[in-house]
Amino acid sequence: MTICTRYFILLFFLCTVTLTDPAQAAKNQPVTITLPASALHQAISDMLPLPLEQTGEKFQGTITVDSISKLAINDNLISLQGQVSGTDMQLTTNIGGQDIKLKLGKLVLPVTCDISLRYDPKKKTLFLTPKFQNPIHGKSNSAETLLPLLNALGNKEYPVKLDTISPFNAKIGSKTVSVRMEPVEIRAGNNEMILKFRTVTGKKH
């Protein structure tokens, strides 16, 4: 599971436990939840350090997101600044027809990542596309090693299925109502995320 996927699993868990008004749920009207950038920043920070999945056979080791220093939301784009590190890094290279492993040890790199959002209401799927930027302060050994691995994770869409959000129970009088939330719209801008849900209820005896 990529870091982007984990961001939004946590995000929708937070949204689910925030909705606690049974009367509103019973009306079966769309419920709008606004999540400010500061709340998303805190939610992500609480998950750190977070390992990233790797793609490719030439590199070995563990890449971890250590910290997020800045987070901004604009026009369906989440912009992050932070730090990643690689531990026990090894590079397999071919010299004279022989594969040789080079031990690189620990590498630290400040990064900027833009994550674009696209929600498909028919598929109930949120698509995330991360794109890592080159370091502002030029090239370094860490940048030359870690950026190709990070770029392998980026520039492609990662689907996050949202049709299996766990229902919760609300008590209205003496009866218990099971409330299931169906996302109908997700958009981001002006340093906040807007999430709209349609609630589907059913009585429990």
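Values in this document were obtained by computation on a predicted structure and should not be read as measured data. (Residues numbered from 1 in each chain as written. Predicted model: local features only at pLDDT ≥ 70, side-chain atom pairs only at ≥ 80, totals over all residues. Heavy atoms only, no water.)

Draft legend 1. Inspection of unusual backbone geometry at higher detail. Here leucine 48 and proline 49 are connected by a cis peptide whose omega angle stands at 0 degrees. Relative to the elements of secondary structure, proline 49 occurs in the loop between helix 3 (37-47) and strand 2 (50-51). Positive phi is not limited to glycine here, since lysine 124 has a value of about 50 degrees. Turning to its location among the elements, lysine 124 is positioned in the loop between strand 5 (98-120) and strand 6 (125-133). (Helix = DSSP H or I, 4+ residues; strand = E, 2+ residues; numbered from the N terminus.)

Draft legend 2. The arrangement of the pattern of salt bridges in detail. The tally for this structure, following the rule as stated, stands at 3 salt bridges. When the shortest N-O distance is used, the salt bridge between glutamate 157 and arginine 118 registers 3.0 Å. Of the two residues, glutamate 157 sits in the loop between helix 4 (141-153) and strand 7 (158-161) while arginine 118 sits in strand 5, which places them 39 residues apart along the sequence. The class of arginine 118 is partly exposed, set by a relative accessible area of 38%. A salt bridge links glutamate 185 to lysine 196; its shortest N-O distance comes to 3.8 Å. Highlighted residues: glutamate 185 in strand 9 (residues 175-189) and lysine 196 in strand 10 (residues 192-204), separated in sequence by 11 residues. (Salt bridge = Lys/Arg side-chain N within 4 Å of Asp/Glu carboxyl O. Buried < 20%, exposed > 50% of the residue type's maximum accessible area, 1.4 Å probe, protein only.)

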